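Chain residues, written in single-letter form:
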Amino acid sequence: MSRVFIFGATGGVGHRLCPLLIAAGHRVSGLHRDPAQAEALRAAGVEPVLGDLMTLDVDAAIELIRDHDVIVFSAGAAGSGPERTRTIDGHGPVTVIAAMRALGLRRLLLVSAFPEARRGLEIRPGFELYMQVKKQADAALAATELDWVILRPGTLVHADGDGRVAAGLALPYGNVARGSVAALLAALVDTPAIRREIIELTDGETPVAEAVAALVRE
Ligand SMILES: NC(=O)c1ccc[n+]([C@@H]2O[C@H](COP(=O)([O-])OP(=O)(O)OC[C@H]3O[C@@H](n4cnc5c(N)ncnc54)[C@H](OP(=O)(O)O)[C@@H]3O)[C@@H](O)[C@H]2O)c1
């Protein structure tokens, strides 16, 4: 049993991840920024923790994640403006990394973005910034000594998915169901042997458990 803290617990990926972790026997805490979200989290078996990544500093992050073993960062500004993108998607993981290092925590699963996203389409400044800060957060994490995994899903689709994915070190670009991202994250929580890896993820043909098992290095 791990004690898992989820940033983004109320999001499209996060709310699908919570029940998977609970069913697997883990204790789950989830950050929420709106007090009205607490009841739904509690009803789902998640310990609700009120907080806002726009104002979170390292000291506050330490208090949030203290007493947890695995941190999942799946929060995102979702195109709500450059300042929010920089702060939530960019500074958010950096703040969490600093808090983890202060506490001696090692396991961070970071939901990033597929580098080929929107290639060939119209260049939108907000999206360029988003890709830039996601990469900066990846680089900050990859430079640490933590047991990190950076997950780079393709374009997210509002669907639970059929449990079949393609997961690997380098893949052709594609869509992926948010439920499949959640399933992959849940499997990574239970597979600590996968560490210090960047994994790309799309919909595919391989059952999640099989795809994750194939990523374990000898
Ligand atoms: N959209 C795509 O195609 C795509 C592709 C690749 C990767 N990603 C990444 O995948 C991750 C998960 O995506 P998703 O679809 O699950 O995102 P989502 O549904 O937009 O959820 C975002 C989560 O972040 C939380 N959040 C936003 N601002 C916050 C703040 N100031 N303080 C605390 N929490 C805050 C949201 O809380 P509320 O419930 O309060 O809004 C929500 O829980 C994100 O990091 C995203 O960047 C997205």
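Each remark here, short or long, concerns the structure printed above.
Residues numbered from 1 in each chain as written. Predicted model: local features only at pLDDT ≥ 70, side-chain atom pairs only at ≥ 80, totals over all residues. Heavy atoms only, no water.

Chemist: Quick one: what's the story with the pairing of strand 8 (residues 164-168), residue by residue and with numbers?
Modeler: As paired strands, strand 8 and strand 11 (residues 206-207) are joined by two bridges and run antiparallel to one another. Considered in strand 11, the bridge of Val165 is made with Thr206. Of the pairings in the sheet, the one linking strand 8 to strand 10 (residues 197-203) comprises four bridges and is antiparallel in character. Across the sheet, the residue bridging to Val165 is Asp203, located in strand 10. (Pairing = 2+ DSSP bridges. Helix = DSSP H or I, 4+ residues; strand = E, 2+ residues; numbered from the N terminus.)

Chemist: Explain the environment of Leu103 residue by residue, including any values.
Modeler: As for its position among the elements, Leu103 is in helix 4 (residues 82-103). Residue class for Leu103 comes out partly exposed when judged on its relative accessible area of 26%. Once the C-alpha coordinates of Leu103 and Pro172 are considered, the two residues, 69 residues apart in sequence, prove to be 38 Å apart. In this structure, Leu103 is in contact with Ile62, Ile65 and Arg66, ignoring residues within four places of it in sequence. (Buried < 20%, exposed > 50% of the residue type's maximum accessible area, 1.4 Å probe, protein only. Contact = heavy atoms within 4.5 Å.)

Chemist: For helix 3 (residues 58-65), give the residues involved together with the corresponding values.
Modeler: Residues lying three or four places apart along an α-helix face the same way, a consequence of the helix completing one turn every 3.6 residues. Restricting attention to buried positions, one finds in helix 3 the residues Ala61, Ile62, Leu64 and Ile65. Along the axis of helix 3, the buried positions cluster into a sector of 165°, meaning they face one direction only. Exposed and oriented more than 90 degrees from the buried face of helix 3 are Asp59 and Glu63. Where helix 3 is buried, its residues touch strand 1 (3-7), strand 2 (27-32), strand 3 (47-50), strand 4 (70-73) and helix 4. Positive phi shows up at Asp67, right after helix 3, with a value of about 70°. (Arc of directions from axis to C-beta.)

Chemist: Describe unusual backbone geometry, with residues and values.
Modeler: Notably, Ala78 is not glycine yet its phi reads approximately 55°, a positive angle. Within the fold, Ala78 resides in the loop between strand 4 and helix 4. For Ala78, a relative accessible area of 76% puts it in the exposed group. Of note, Arg196 is a non-glycine position whose phi angle comes to about 55°, a positive value. Assignment of secondary structure puts Arg196 in the loop between helix 6 (178-189) and strand 10. Among the residues examined, Arg196 registers a relative accessible area of 34% and is labelled partly exposed.

Chemist: Tell me what's going on with the site of the ligand, and back it up with residues and numbers.
Modeler: With respect to spatial proximity, 28 residues lie near the ligand, and among them Thr10, Arg33, Asp52, Tyr130 and Arg178 are the closest. One of the side-chain nitrogen or oxygen atoms of Gln37 is found 3.0 Å away from an oxygen atom of the ligand. At 2.6 Å, a side-chain N or O of Arg178 approaches an oxygen atom of the ligand. Coverage of the ligand by the protein chains reaches 83% of its 920 Å² of free accessible surface. Mapping the ligand onto the cavity grids shows that it belongs to the largest pocket. Of all elements in the fold, only helix 4, helix 5 (125-142) and strand 7 (155-157) reach the threshold of two or more residues within the shell around the ligand. Per-class residue counts for the shell around the ligand are 12 nonpolar, 10 polar and six charged. (Near = heavy atom within 4 Å. Polar contact = N/O pair within 3.5 Å; in protein donor to acceptor, adjacent residues only side chain to side chain. Areas by Shrake-Rupley, 256 points an atom, 1.4 Å probe, with all protein chains shown as cover. 1 Å grid on protein atoms, 1.4 Å probe; cavity = no way out; pocket = protein on both sides within 12 Å on 5 of 7 lines; lining within 4 Å. Sits in = over half its atoms within 2 Å of the grid points. Nonpolar A, V, L, I, M, F, W, Y, C, P; charged D, E, K, R; others polar.)

All quantities given are derived from atomic positions and should not be read as evidence of function.
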